[in-house]
Structures are given as C-alpha cells and as structure tokens.
Amino acid sequence: MQDYQPLPGLLKNKVILVTGSTSGIGRCAAKNFAEHGATVILLGRNVKALEEIYDEIVQLRLAQPAIYPLDLARANPDQYVEMAKRLEENFGRLDGLLHNAAQLGTLTPIEHYDIALWYEVIQINLHSRFLSTRACLPLLRKSPRASVIFTTSEIGKTGKAYWGAYCVSKFGNEAMMQILADELDNTGIRINSINPGPVMTKLRAQAYPAEDKSNLATPDDIMPAYLYLMGADSQHLNGQSIDAQTYSHFPEATTESIQS
Ligand SMILES: NC(=O)c1ccc[n+]([C@@H]2O[C@H](COP(=O)([O-])OP(=O)(O)OC[C@H]3O[C@@H](n4cnc5c(N)ncnc54)[C@H](OP(=O)(O)O)[C@@H]3O)[C@@H](O)[C@H]2O)c1
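These figures come from a predicted structure and were not determined experimentally.

Conventions we followed
Residues numbered from 1 in each chain as written. Predicted model: local features only at pLDDT ≥ 70, side-chain atom pairs only at ≥ 80, totals over all residues. Heavy atoms only, no water. Phe/Tyr/Trp six-rings, centres within 6.5 Å; stacked < 30°, edge-to-face > 60°. Buried < 20%, exposed > 50% of the residue type's maximum accessible area, 1.4 Å probe, protein only. Core = buried A, V, L, I, M, F, W, Y, C linked by side-chain atoms within 4.5 Å. Helix = DSSP H or I, 4+ residues; strand = E, 2+ residues; numbered from the N terminus. Contact = heavy atoms within 4.5 Å. Lys, Arg positive; Asp, Glu negative; His and termini not counted. Salt bridge = Lys/Arg side-chain N within 4 Å of Asp/Glu carboxyl O. Pairing = 2+ DSSP bridges. Axes fitted to C-alpha atoms, helices over the stretch in contact; angles between N-to-C directions. Near = heavy atom within 4 Å. Polar contact = N/O pair within 3.5 Å; in protein donor to acceptor, adjacent residues only side chain to side chain. Areas by Shrake-Rupley, 256 points an atom, 1.4 Å probe, with all protein chains shown as cover. Nonpolar A, V, L, I, M, F, W, Y, C, P; charged D, E, K, R; others polar.

Engineer: Before we go on, may I ask you to explain the packing of aromatic side chains in this structure?
Structural biologist: All chains considered together, the criterion is met by five aromatic pairs. Here Tyr-113 and Trp-118 contribute two aromatic rings whose centre-to-centre distance is 5.1 Å and whose plane-to-plane angle is 85 degrees, an arrangement assigned as edge-to-face. Since its relative accessible area comes to 7%, Tyr-113 is described here as buried. Taken together, a centroid distance of 5.8 Å and an interplanar angle of 50 degrees make the contact between Trp-163 and Tyr-166 tilted. Side by side, Trp-163 and Tyr-166 carry an identical accessibility label, which is buried. What links up through ring pairs into an aromatic cluster is the set Tyr-4, Tyr-228 and Tyr-247.

What follows is the structure in structure tokens.
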C-alpha cells in the first residue's frame, strides 16, 4: 500500500462527493482528495462537524469545498434527487463518489436484534448508497472519467455471528458494486469497492472497545488506496474489491494522471 505515491495534482479539477466526511476515514479522505486538487462535497448529518472540516480545508487554501447536510437515516428518495439537482446546478457534474458513511448498529444475535435499529443500519449502510448512486448517475455520466467507491469490510465477505445488519449491509455493498460495474462496463464510470481493514476510528472503537489500539492503522495510513481508486492511475479497474492495507498492485503514478 505504501508504495503508491500519488502526484500532487492527481485529482485536480475533480468534483468528489464524500459521504460521512465528519469523522474517521471519510474526514481523512475528503481532506486528502482536496489536498490532491479536488473540490470536495462534504456530506454528513452534523452541521457543526461539517463546518469544522470545511474550515480546515479552506484554511489550507485548497479548492473551496461545499457542505451538504443530510441525515442518511431519514432522507427520503426525493431528497437524493434534490441533492443531485443542487450538485448539478453548482458543479455541473460529479467525477467521484465515495460511499463511506456507515453505522455499526449493535453486535447481537439476529433473534434479538432490535427491528428499528436493523432498519436504520440497512437504510444508512445500503439503501442510501442505492439512492444516492441512482440519483447521481446522470451527473457521473457528465464526467469524462468518474470513479465510484463503495466502502466495504472484511465482514462483508464472510458472515460472522452477531454482526447482524452491518454484515448484511456490507455483503449488499459488494453485490451493488458488482452489479453497477457490470451495468456500466465500458462507460466513463468505474465502480469498485475498498475494504479499509482495521482502522482506528469511532466505529472501530464501538465494535472492539477493549482492543489494544497501538497497532491499529490510522485513516491516514490507508489513504494511498483511496487516492489510487479515485484517481486516473486506477482507470483500468472496474468491479474490483481491494483491501486498503494489503493491496500492492499499484502502477507508478504517471503524468497522464494529472491531465485526465
Ligand atoms: N474503522 C474500521 O476499522 C473499518 C473497517 C471496515 C470498514 N469500515 C468502514 O469504513 C467506513 C467509515 O467508517 P469509520 O471507521 O471512519 O467510522 P466513523 O468514524 O464512525 O465514521 C462514520 C461516518 O459516517 C457518518 N454517518 C453515520 N450515520 C450517518 C447518518 N445517518 N447520516 C449521515 N452520516 C452518517 C458519521 O457521521 P457522525 O460523525 O455524525 O456519526 C461519520 O462521518 C464505513 O463504511 C465503515 O463501515 C471501517
């Protein structure tokens, strides 16, 4: 993973929507995309936290970001259409979409899983990704080369006791990614997924409260894989699921990547 050295202008002039950009991996990805030239649209439910990351990017004198407050647990289909409309009015197109926002829910046997919580986790982790992709596809088509990334998990590859709605949602993400990649093959839109691996975040601490955090990767550690999938160096990849902490097939960054 560490072998990939993206060029500073990798995402120059790209417009990228990052869901769940208020903390953890999403926050770090939004900042990294901006540092590599992108105009990032920061989506989250907490306006104060969105304003903090917005200010941080502005203070670094990077491309001016935008904030889009949306509670993915409660947004209805029309609100996603409205979001796409607003993005079109302001930016004209979308070059990247990082589906990152998620909630763990609870670790409990399915027999005892709270029904309202199950619905909420599936809504945030799966349905919102369907609704936002569906609404944004016309905007992604307006980009000469768009990249959509679904954030998955090890838990989305093998069912594991007590992981309930989170596990089901992550399996669903892999399926949605593969379906979309097949449907959009040979178009200007690539669809891939990324498994961050164990990373020190709020969500991880909720899942493993007692674990020793000293050996955990930080969000910054896994950014090369995010930049790689979002940028033109991975333009040959479609329908792939990559592990952010072990992926090692990075090509050398080329100057072409900053011109695309
Ligand atoms: N950390 C790991 O070890 C790990 C491993 C595998 C996969 N992942 C995946 O990585 C992604 C990022 O997670 P993370 O570890 O960075 O966790 P995190 O720090 O908890 O970040 C989750 C983000 O999702 C947002 N979010 C949650 N519910 C939302 C809602 N209803 N509406 C809008 N935004 C909402 C959160 O906003 P608030 O701040 O408002 O809650 C936050 O910005 C997730 O898809 C997760 O499944 C993480």
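Back to the text.
Engineer: What am I meant to see in the nonpolar core here?
Structural biologist: Side chains that are nonpolar tend, in soluble globular proteins, to be buried together. Core analysis: the biggest nonpolar cluster contains 39 residues, and Leu-17, Met-83 and Ile-191 have the highest contact counts within it. When residues of this core are traced back to their parent elements, those giving at least two are β1 (15-19), β2 (39-44), β3 (66-69), α3 (77-91), α4 (115-141), β5 (146-151), α5 (164-183) and β6 (189-195). Beyond its immediate sequence surroundings of up to four residues, Met-83 is in contact with Leu-17, Leu-43, Tyr-68, Leu-70, Ser-132 and Cys-136. If you look at the next biggest cluster of nonpolar residues, it comprises 34 residues, including Tyr-4, Leu-11, Ile-25 and Ala-30.

Engineer: Is there a simple way to think about the side chain of Arg-129 in this case?
Structural biologist: Secondary-structure assignment places Arg-129 in helix α4. For the buried Arg-129, no salt bridge is present, and the opposite-charge side chain at shortest range is Glu-174, 9.1 Å distant. The residues contacting Arg-129, other than those within four sequence positions of it, are His-99, Asn-100, Ala-101, Ala-102, Phe-150, Thr-151, Lys-170, Asn-173 and Met-176.

Engineer: Looking at this structure, how should I read the sheet that holds β6?
Structural biologist: Ordered in space as β3-β2-β1-β4-β5-β6-β7, the seven strands form an open sheet in which the pairing is parallel. The strands lining the two open edges of the sheet, one partner per strand, are β3 and β7 (241-243). Ignoring which end each strand starts from, the neighbouring axes of this sheet average 20 degrees apart. Sitting on the sheet, helix α7 (residues 223-230) is in contact with β1, β4 (96-99), β5, β6 and β7, with an inclination near 165 degrees to β6.

Engineer: I keep staring at the environment of Phe-150 and nothing clicks. Help me out?
Structural biologist: Within the fold, Phe-150 resides in strand β5. Its relative accessible area of 0% is what places Phe-150 among the buried residues. Excluding residues within four positions of it along the chain, Phe-150 makes contact with His-99, Arg-129, Thr-133, Asn-173, Met-176, Met-177, Leu-180, Ile-191, Asn-192, Ser-193 and Ile-194.

Engineer: So what exactly am I meant to see when it comes to the site of the ligand here?
Structural biologist: Not every one of the 29 residues close to the ligand is listed here, only the nearest: Thr-22, Arg-45, Asn-100, Tyr-166 and Thr-201. Here a nitrogen atom of the ligand sits 3.4 Å away from a polar atom, N or O, in the main chain of Ala-73. One of the side-chain N or O atoms of Lys-170 is found 2.8 Å from an oxygen atom in the ligand. Surface burial for the ligand is 95%, taken as the share of its 890 Å² of free accessible area covered by protein chains. Top contributing element to the shell around the ligand by residue count: helix α6 (residues 202-207), with three residues. Grouping the constituent residues of the shell around the ligand by class yields twelve nonpolar, eleven polar and six charged.

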